[in-house]
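# Examining the three-dimensional arrangement
If you want the building blocks of each chain, they are given just below.
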Amino acid sequence: MKHRIVVVGAGYAGAFAAGNLARRLSPADTEITVVNAEPDFVERMRLHQLAIGQDLAFRKLADVFAGTGVRLRLARVTGVDPERRTVAVTGPDGDVGDGELAYDTLLYALGSSVAHHDVPGVAEYAFDVTGRSSALRLRERLAGLGEGATVLVVGEGLTGIETATEFAESRPDLSVALAAHGELGAWLSPKARRHLRRAFDRLGITVHEHTRIEAVEPTRAIAADGTRIPAEVTVWAAGFAVHPIAAVSGLEVAETGQIVVDRTMRSVSHPDVYAAGDCAYAIGDNGRPLPMSCGSAGFTNMQATAAIIARLTGSEVPTSALKYYGNHISLGRRDAIFQMVDGDVRSKSWYLGGRTAARLKSGVLKGSGWSIVHPTFGMPKRKRRLATAPDRAGVRAAA
Ligand SMILES: Cc1cc2nc3c(=O)[nH]c(=O)nc-3n(C[C@H](O)[C@H](O)[C@H](O)COP(=O)(O)OP(=O)(O)OC[C@H]3O[C@@H](n4cnc5c(N)ncnc54)[C@H](O)[C@@H]3O)c2cc1C
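What counts and how
Residues numbered from 1 in each chain as written. Predicted model: local features only at pLDDT ≥ 70, side-chain atom pairs only at ≥ 80, totals over all residues. Heavy atoms only, no water. Near = heavy atom within 4 Å. Polar contact = N/O pair within 3.5 Å; in protein donor to acceptor, adjacent residues only side chain to side chain. Helix = DSSP H or I, 4+ residues; strand = E, 2+ residues; numbered from the N terminus. Nonpolar A, V, L, I, M, F, W, Y, C, P; charged D, E, K, R; others polar. Phe/Tyr/Trp six-rings, centres within 6.5 Å; stacked < 30°, edge-to-face > 60°. Buried < 20%, exposed > 50% of the residue type's maximum accessible area, 1.4 Å probe, protein only. Lys NZ or Arg CZ within 6 Å of the ring centre and 35° of its normal. Domains from an automatic or database assignment. Contact = heavy atoms within 4.5 Å. Buried area = accessible area lost by both parts, 1.4 Å probe. Salt bridge = Lys/Arg side-chain N within 4 Å of Asp/Glu carboxyl O. Pairing = 2+ DSSP bridges. Axes fitted to C-alpha atoms, helices over the stretch in contact; angles between N-to-C directions. Parallel < 35°, antiparallel > 145°, perpendicular 65-115°, else oblique. Left-handed = near helix turned anticlockwise from the far one by under 90°. Core = buried A, V, L, I, M, F, W, Y, C linked by side-chain atoms within 4.5 Å.

It is worth spelling out the site of the ligand at this point. Around the ligand, the surrounding shell holds 31 residues, and the nearest of these are A13, V77, D278, C294 and K361. In the model, an oxygen atom of the ligand is placed 2.9 Å from a nitrogen or oxygen of the R44 side chain. Here an oxygen atom of the ligand sits 2.7 Å away from a polar atom, N or O, in the main chain of C294. Mapped onto the shell around the ligand, the elements with two or more residues apiece are α1 (12-24), β4 (76-81), α6 (158-170) and α9 (294-313). Counting residues per element, the shell around the ligand draws most heavily on α9, at three residues. Of the residues in the shell around the ligand, the class split is 14 nonpolar, eleven polar and six charged.

Okay, the packing of aromatic side chains next. Applying the stated criterion across every chain, the model contains two aromatic pairs. Taken together, a centroid distance of 5.3 Å and an interplanar angle of 90 degrees make the contact between Y12 and F41 edge-to-face. Within this pair, whereas Y12 is found in helix α1, its partner F41 is found in the loop between β2 (30-36) and α2 (47-51), the two being separated by 29 residues in sequence. Here Y12 matches F41 in class, with each residue buried. Their ring planes at 55 degrees and their centres at 6.2 Å tell us that F299 and Y325 sit as a pair that is tilted. A residue pair is termed long-range when its members are at least 10 positions apart, and F299 in helix α9 and Y325 in the loop between α9 and β20 (326-330) qualify at 26 residues. Over the aromatic face of F240 sits the side chain of R44, whose NZ or CZ is 4.8 Å from the ring centroid.

Attention now goes to the domain arrangement of the chain. When cut into domains, the chain gives domain 1 (3-112 + 242-324 + 367-398) and domain 2 (117-236). Centre-to-centre, using C-alpha coordinates, domain 1 lies 33 Å away from domain 2. Opposite the 15 residues of domain 1 that make contact, domain 2 presents 15 residues. Interface area lost by domain 1 to domain 2 is led by H48, A51 and I52, which between them contribute 48%. Salt-bridge contacts for D40 lead to R132; the nearest nitrogen and oxygen are separated by 2.9 Å. Taken together, the links from domain 1 to domain 2 amount to eight residue pairs in polar contact (both at pLDDT 80 or more). Here the side of domain 1 that touches domain 2 is built from residues that sort into seven nonpolar, four polar and four charged.

Let's shift gears to the sheet that holds strand β9 (residues 150-154). Ordered by their spatial adjacency, four strands build an open sheet running β11-β10-β9-β15, and the pairing between neighbours is parallel. Taken across any chain shown, the strands that pair with only one partner, and hence form the sheet edges, are β11 (206-208) and β15 (233-236). Ignoring which end each strand starts from, the neighbouring axes of this sheet average 20 degrees apart. Helix-sheet contacts for α6 involve β9, β10 (175-179) and β15, and the interaxial angle to β10 is about 170 degrees.

Here we take up the packing of α1 against α9. At a closest axis distance of 9 Å, the pairing of α1 and α9 adopts a crossing angle of 30 degrees. The angle between the axes of α1 and α9 places the two elements in the roughly parallel class. Crossing of α1 against α9: the hand is right-handed. Residue-level contacts link Y12, A13, F16, A17, N20, L21 and R24 of α1 to C294, A297, N301, M302, T305, I308 and I309 of α9. Residue composition of the contact of α1 with α9, by class: ten nonpolar, three polar and one charged.

Counting 58 residues, the largest nonpolar core has V87 and Y108 as its most contacted members. For this core, the leading source of residues is α1, giving eight residues. Setting aside anything within four residues of it in sequence, one finds V87 in contact with V6, V8, V77, G79, V80, G99, E100, L101, Y103 and L106. In terms of nonpolar packing, the next biggest core, distinct from the first, is built from 38 residues, L50, A135, L178 and I337 among them.

It is worth spelling out the pairing of strand β22 (residues 347-353) at this point. Taken together, the four bridges between strand β21 (residues 336-341) and β22 define a ladder with antiparallel strand orientation. Note on β22: the bridge partner recorded for Q339 is Y351.

With that settled, consider the sheet that holds strand β18 (residues 273-275). With respect to topology, five strands assemble into an open sheet ordered β3-β2-β1-β7-β18, the strand pairing being parallel. In the strand order of this sheet, the two ends are held by β3 (71-74) and β18, each with one partner. Averaged over all adjacent pairs, the angle separating strand axes in this sheet is 20 degrees, with direction ignored. Across three bridges, the pairing between strand β7 (residues 105-108) and β18 is parallel. In the sheet register, L106 faces β18, and the bridge partner there is V273. Strand contacts of α9: β1 (3-8), β7 and β18, with the helix running at about 155 degrees to β18, the strand carrying the most contacts.

This part covers the pattern of salt bridges. By the definition in use, this model includes 25 salt bridges. Ionic pairing is found between E38 and R132, a salt bridge with its closest N-O pair at 2.8 Å. Taken as a pair, E38 in the loop between β2 and α2 and R132 in helix α5 (residues 132-143) lie far apart in primary sequence, 94 residues in all. Here R132 falls in the buried class, since its relative accessible area comes to 16%.

Right under this line is the structure:
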């Protein structure tokens, strides 16, 4: 019987990992299945662009995996049973069908979605850009707004900044504001912070600093000090949260709900399970948890696939880098900030800004998308047999 590898989630981490595994493991003794809710590879890093009305073409996952040997199952994962080694799924219409997939090795890469933080009114009235369907809902709402309509972005992290600047640049007719817990760009180097403020001024974005939004209503948001901020549209960008599936399934998770993994991205509670991307609680080379980011999705999926392949083929498990270099923040299409951080995650004094940084960011976005839709490019073509394959008894004995 073939070794069944199931990859749940085909975002930046899962899609690349699946292609990589297919390229390097022999189909004679492995069977790789990817389960994803969406039919396309959704470039999450561009969803604020989608929300403001830009036309983006997403590639079909069926085309991405064509010819790789990877089986694609379009379905929603509803549960994982790590004791029975099964994944529960429902089809696109909510049908259960043959609702269970058995695995020998599971790579869990379901990503994240918006974190509501239990703030009243967020679930009912706020919009977000963390998934394609929510970004499309926001797109429709924004398209219907007239001149001078108020849009409030809540959150001064990367997603909040990118969203506010993209919206203000693409729709100068709107009145865009951002609510920040603290000071705008406090975590940036002083020069980069000044650059950010200049960009906000140029784009006419109002900033409400030291403002904690405690409730969202249909046409306004209420701050902790009672200030009422008019907002025909509130965009909630106050962080990402992972799906509770991992925690409910009995896998060991951190407070964040992310799966706790060892240095090789293997679950510390269930050795047949690996995690990569936003849903992995992975400690980086700097001794701190890796942030939820595309960069971390890249490092963790490379480590996870290297470990899976090594363990299955009976070779030594290599360790690959788990780095956090810094942040690359778009400020619309023509400006950006590239801020490096040191080993203690403090911003270095040097930063890159302006058109050069914007061009670099555009290259990063294109490169990440390209590497996913060409999942096997640059990987060794030699397919490796499993150490446990029946005709590989010698290898098994040696291992
Ligand atoms: C607007 C925006 C801008 C961003 N900009 C940047 C940036 O500039 N730089 C950066 O490093 N990071 C950025 N990020 C963060 C980055 O997008 C994420 O960290 C990255 O997508 C994580 O990759 P992942 O593979 O873990 O998850 P995802 O890319 O979210 O992939 C998860 C996959 O799982 C699927 N899925 C989820 N739940 C289920 C389910 N129950 N059943 C089946 N399938 C499911 C989803 O459809 C998706 O295909 C941004 C995020 C947003 C929203």
